[in-house]
Amino acid sequence: MHATICNMIIDLVHNSIEAGATEITLKIEEKDSNLSVVIEDNGRGMNAETLTKAMDPFYTDGQKHKHRKVGLGLAFLYQTVEMTHGTVAIRSQEGEGTTVRFNLDPSHIDLPEFGNFAQAAVAMISHGFEGDLTIEHSVNKKSYTANKAELIEVLGDLSEMESLILLKQFIEENEKDILDCEAIFPVIHPEIRNQQSTIGNFNERWAIYGKNDT
Amino acid sequence: MAKMTLEDLRKLREGKKAEMTQRDSSDKSARIIIGMGTCGIAAGAKEAFDAFLDELSSHNVTDTKIAQTGCMGLCFSEPTVEVEVPGMPRVIYGNVDDKVARRIVKEHIIGKALVSDHIFDKPAADIIK
Ligand SMILES: Nc1ncnc2c1ncn2[C@@H]1O[C@H](COP(=O)(O)OP(=O)(O)OP(=O)(O)O)[C@@H](O)[C@H]1O
Ligand code: FES
Ligand SMILES: [Mg+2]
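I will try to describe carefully the structure that is included in this document. (Residues numbered from 1 in each chain as written. Chains lettered and ligands numbered in written order. Predicted model: local features only at pLDDT ≥ 70, side-chain atom pairs only at ≥ 80, totals over all residues. Heavy atoms only, no water.)

**Points about the pairing of strand β1 (residues 23-30) of chain A**
Along any regular strand, the residues point their side chains to alternate faces of the sheet.
All names here are of chain A.
Line of reasoning, step 1. What you see with β1 is a clean split: I24, L26, I28 and E30 sit on the buried side and E23, T25, K27 and E29 on the side with no burial.
Line of reasoning, step 2. Judged from the eight bridges that link them, β1 and strand β5 (residues 132-139) form a sheet pairing that is parallel. Looking at β5, one finds that E30 is bridged to V139.
Line of reasoning, step 3. Across seven bridges, the pairing between β1 and strand β2 (residues 35-41) is antiparallel. Within the sheet, the bridge partner assigned to E29 lies in β2 and is S36.
Line of reasoning, step 4. Between β1 and β2, which follow one another and run antiparallel, lie four residues. (Buried < 20%, exposed > 50% of the residue type's maximum accessible area, 1.4 Å probe, protein only. Helix = DSSP H or I, 4+ residues; strand = E, 2+ residues; numbered from the N terminus. Pairing = 2+ DSSP bridges.)

**Details of the site of ligand 1**
Line of reasoning, step 1. Taken together, 20 residues lie near ligand 1, and T60(A), K64(A), H65(A), L72(A) and T38(B) sit nearest.
Line of reasoning, step 2. Those residues lying near ligand 1 are distributed over chains A and B.
Line of reasoning, step 3. Take D41(A): an N or O atom from its side chain is 2.9 Å from a nitrogen atom of ligand 1.
Line of reasoning, step 4. Contact distances for ligand 1 include 3.0 Å between an oxygen atom and a backbone N or O atom of G73(A).
Line of reasoning, step 5. Here ligand 1, which alone exposes 590 Å², has 94% of that area covered by the protein.
Line of reasoning, step 6. Elements represented by at least two residues in the shell around ligand 1 include exactly α1 (5-18) and α3 (73-83) of chain A.
Line of reasoning, step 7. Of the residues in the shell around ligand 1, the class split is six nonpolar, nine polar and five charged. (Near = heavy atom within 4 Å. Polar contact = N/O pair within 3.5 Å; in protein donor to acceptor, adjacent residues only side chain to side chain. Areas by Shrake-Rupley, 256 points an atom, 1.4 Å probe, with all protein chains shown as cover. Nonpolar A, V, L, I, M, F, W, Y, C, P; charged D, E, K, R; others polar.)

**Description of helix α3 (residues 45-58) of chain B**
All names here are of chain B.
Line of reasoning, step 1. Between the first and last C-alpha of α3 there are 20 Å, a value that for 14 residues agrees with the 20 Å anticipated at 1.5 Å per step.
Line of reasoning, step 2. For α3, the tally of buried residues reaches 10 of 14 residues, placing the bulk of the element in the interior.
Line of reasoning, step 3. Within α3 the residues assigned to the buried category are A45, K46, A48, F49, D50, A51, F52, L53, E55 and L56.
Line of reasoning, step 4. Phi turns positive one or two residues past the end of α3, at N60, with a value near 55°. (Expected span 1.5 Å × (residues − 1).)

**Structural notes on the pattern of salt bridges**
Line of reasoning, step 1. Taken as a whole, this structure holds 17 salt bridges over all chains when the rule is applied.
Line of reasoning, step 2. Notably, a salt bridge pairs E153(A) with R10(B), separated by 3.2 Å at the nearest N-O pair. Of the two residues, E153(A) is situated in helix α5 (residues 148-155) and R10(B) in helix α1 (residues 6-19); the pairing between them involves two chains.
Line of reasoning, step 3. Note on E153(A): relative accessible area 54%, which makes it exposed.
Line of reasoning, step 4. Judged by relative accessible area, R10(B) falls into the partly exposed class, the value being 23%.
Line of reasoning, step 5. Put simply, D157(A) and K65(B) hold a salt bridge, and the shortest N to O gap is 3.4 Å. Here D157(A) is found in the loop between α5 and α6 (161-179), whereas its partner K65(B) is found in strand β2 (residues 64-69) on a different chain.
Line of reasoning, step 6. Through salt bridges that share partners, D54(B), E55(B), D98(B), R102(B) and K106(B) make up one connected network. (Salt bridge = Lys/Arg side-chain N within 4 Å of Asp/Glu carboxyl O.)

**Here's the deal with the nonpolar core**
Line of reasoning, step 1. If you look at the biggest cluster of nonpolar residues, it comprises 83 residues, and the most contacted ones within it are L26(A), F102(A), F117(A), M124(A), I171(A) and F52(B).
Line of reasoning, step 2. Residues contacting M124(A), with those up to four places away along its chain left out, are I9(A), I10(A), V13(A), L26(A), F117(A), F129(A), L133(A) and I135(A). (Core = buried A, V, L, I, M, F, W, Y, C linked by side-chain atoms within 4.5 Å. Contact = heavy atoms within 4.5 Å.)

**Considerations on the interface of chain A and chain B**
Line of reasoning, step 1. Across the boundary between the two partners, chain A contributes 45 residues, which contact 35 residues of chain B.
Line of reasoning, step 2. Of the roughly 3800 Å² buried between chain A and chain B, counting both surfaces, carbon and sulfur atoms make up 61%.
Line of reasoning, step 3. One can count four salt bridges joining chain A with chain B.
Line of reasoning, step 4. The salt bridge involving D50(B) is made with K168(A); its shortest N-O contact spans 3.1 Å.
Line of reasoning, step 5. Inspection of the chain A/chain B interface yields 15 residue pairs in polar contact (both at pLDDT 80 or more).
Line of reasoning, step 6. Those elements giving two or more residues to the side of chain A that touches chain B turn out to be α1, α3, α4 (117-126), β6 (142-147), α5 and α6 of chain A. (Buried area = accessible area lost by both parts, 1.4 Å probe.)

In structure tokens, the structure reads:
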């Protein structure tokens with residue numbers, strides 16, 4: 001299983017890239033009681049038979065990995081959903097595209113930590129595939145959107161260090177902005193923090209982003 | 001905290017461009033390719049990517065490109081990273097975690113010396129141009 005939700009998300013976006021998608025949308029909505037993720041692509045899609053197989057853990061198309069005969073990406077997703085009583089739905093139409101949608105309970109004790117989404121977003125946006133990617137990330141009422149084509153228009157080639165540094169700065173600033181929990185929880189009493197794991201989680205993530213501030 | 005907009009980003013970019021001196025064409029720059037297959041991701045390829053970015057920028061090395069690729073077929077040594085520095089053999093490193101990524105920047109890209117204990121593969125000397 002992937003150690004973080006972010007790694008799982010990158011992996012699913014890579015499925016879309018590997019399906020030849022030219023348009024990918026990733027929508028992440030974090031609320032205190034629910035984490036919702038939708039990945040929509042216009043890649044080659046799957047027919048009913050492949051879709052059934054793909055939802056079986058360990059199916060792979062037989063081409064991606066020379067030395068490995070099992071596909072792990074969707075299996076990891078199903079495992080996480082099952083373990084934490086979440087929900088998952090995949091809709092796919094051959095030649096049209098695929099939508100993967102899942103919901104997880106942020107307070108479930110077995111849920112892997114969310115991970116560093118700024119790192120994940122920089123890696124996904126700067127991945128050199130021919131196609132566009134739009135990321136929408138919201139935490140409670142705050143959100144931001146990052147679109148690959150627009151960012152390339154502003155920054156140029158995203159494999160260049162100069163562009164990457166600015167891309168990272170842009171994503172981190174926007175992540176900080178939506179994770180800014182001070183506005184929501186001005187003073188967090190230690191006792192309350194311990195009772196509410198979601199708030200603890202907020203703080204931890206805030207600390208990660210805050211570190212780069214100096 | 002105010003949100004950073006695309007327009008802010010554009011201004012930053014233009015500021016950087018103005019202070020940049022004219023540089024040689026890009027074929028002189030080093031290239032890092034990170035394997036981002038499922039096992040690469042599971043083994044920490046994203047963290048390695050971030051470590052490269054961080055270490056390169058903290059040493060002001062800006063003439064390097066970072067690219068990503070899918071499966072390199074080397075799950076057992078993920079994260080795998082290919083490094084190409086002009087004038088040096090192309091090398092594939094295995095088990096590149098945050099620390100190793102930072103060493104590759106300091107020793108290989110800046111210091112021009114291979115990080116021998118993490119080399120997974122390098123082409124035979126006679127096929128190097
Ligand atoms: N977005 C998608 N569009 C089209 N086909 C898909 C998509 N996602 C998954 N598939 C199909 O389902 C199969 C299984 O996917 P899964 O992610 O589990 O394994 P994999 O991608 O083959 O290998 P791994 O994820 O381990 O690299 C894929 O090989 C592909 O045929
Ligand atoms: S990603 Fe590891 S074998 Fe393909
Ligand atoms: Mg996959």
